[in-house]
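Secondary and tertiary structure notes
This is what each chain is made of:
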Amino acid sequence: PFTAFHKGPLAIVFKCSKPNPANLSMTVIAAEYINSGASPLTDFALQAAVPTVMQIQLSPASGTIVGPHNALLTQNLQIINSMHGQKSIVIKLKISYKKEGALIVEEATVNQFPPGL
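Residues take numbers from 1 onward in each chain, read along the sequence in its written order. In view of the model being predicted, local features appear only for residues whose pLDDT reaches at least 70, and side-chain atom pairs are presented and counted only at 80 or more, with totals across whole chains, interfaces and linings using the full set of residues. Based on all heavy atoms of the structure, the side-chain values leave hydrogens and waters out of the count.

A word on the pattern of salt bridges. Between Lys or Arg on one side and Asp or Glu on the other, a salt bridge is scored when a side-chain nitrogen of the former is within 4 Å of a carboxyl oxygen of the latter. Inspection of the entire model under this criterion finds three salt bridges. Residue Lys15 is joined to Glu32 by a salt bridge in which the shortest nitrogen-to-oxygen separation is 3.1 Å. Of the two residues, Lys15 sits in strand 2 (residues 10-17) while Glu32 sits in strand 3 (residues 26-35), which places them 17 residues apart along the sequence. Under the relative-accessibility criterion, Glu32 is labelled buried at 19%. Helix and strand assignments come from DSSP, with helices taken as H or I runs of at least 4 residues and strands as E runs of at least 2, each series counted from the N terminus. We call a residue buried when its accessible area falls under 20% of the maximum for its residue type, exposed when it is over 50%, and partly exposed in between, using a 1.4 Å probe and counting protein chains only.

Here we come to the packing of aromatic side chains. Whether two aromatic rings pair depends on their centres lying within 6.5 Å, for rings of Phe, Tyr and Trp, where Trp uses its six-membered ring; planes under 30 degrees apart make the pair stacked, over 60 edge-to-face, and the rest tilted. Within the structure shown, the criterion is met by four aromatic pairs. Summarising the aromatic geometry, the rings of Phe2 and Phe14 are spaced 5.9 Å apart at their centres and angled 80 degrees between planes, so their arrangement reads as edge-to-face. Residue Phe2 is found in strand 1 (residues 2-7), and its partner Phe14 is found in strand 2; the two are separated by twelve residues along the sequence. Judged by relative accessible area, Phe2 falls into the buried class, the value being 14%. By relative accessible area, which is 1% here, Phe14 ends up buried. Of the aromatic side chains, those joined through ring pairs into one cluster are Phe2, Phe14 and Phe113.

What follows covers the pairing of strand 7 (residues 91-99). Side-chain direction in a regular strand flips from residue to residue, so the side chains alternate between the two faces of the sheet. Sheet analysis places strand 4 (residues 41-49) next to strand 7, joined by seven bridges and oriented antiparallel. In the sheet register, Leu46 faces strand 7, and the bridge partner there is Ile95. Note that strand 7 and strand 8 (residues 102-110) share nine bridges and pair antiparallel. Looking at the pairing, Tyr97 lines up with Ile104 of strand 8. Any two strands with at least two DSSP-identified bridges between them are counted as paired. Linking strand 7 back to strand 8 in an antiparallel pair, the connection comprises two residues, with Glu100 at a positive phi of about 55 degrees.

Taken in spatial order, the three strands of this open sheet run 4-7-8, and their pairing is antiparallel. Two strands lie at the open edges of the sheet, namely strand 4 and strand 8, each paired on one side alone. Here the strands of the sheet are splayed against their neighbours by 15 degrees on average, with no regard to which way each runs. Helix axes are fitted to C-alpha atoms over the stretch in contact, other axes to C-alpha atoms as well, and angles between N-to-C directions run from 0 to 180 degrees.

Our focus in this paragraph is the sheet that holds strand 6 (residues 71-81). Here five strands make up an open sheet; going across it, the order is 1-2-3-6-5 and the pairing antiparallel. Both edges of this open sheet fall to strand 1 and strand 5 (54-58), since each of them pairs with a single strand only. The sheet shows a mean angle of 25 degrees between the axes of neighbouring strands, direction not considered. Pairing analysis gives five bridges linking strand 5 to strand 6, with the strands arranged antiparallel. For Met54, the partnering residue across the bridge sits in strand 6 and is Asn81.

Structure (structure tokens):
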């Protein structure tokens, strides 16, 4: 597992796996959205994009409210990398949520995936 994003009270941890040894181009990411703050993060949504040589599928998140004091939501992302072994996974994230009624939108590029993914 590694921290893919951390700003303010929100941290996103990615746990990566290769569930099918016969298809190494597929990577499954179990994402955890963790709120270390004292206020809930509401209307939480994540959008993700990958380069054209990859495809991404997002399952629905386990909810839209990340509770306070290290509560978390989970979501699975599946990536197919048609150039596995040649191009590393890169994901652009757009994260939005409300904290105490104020809309917060963050963007980040995640490119620190472990070797072999």
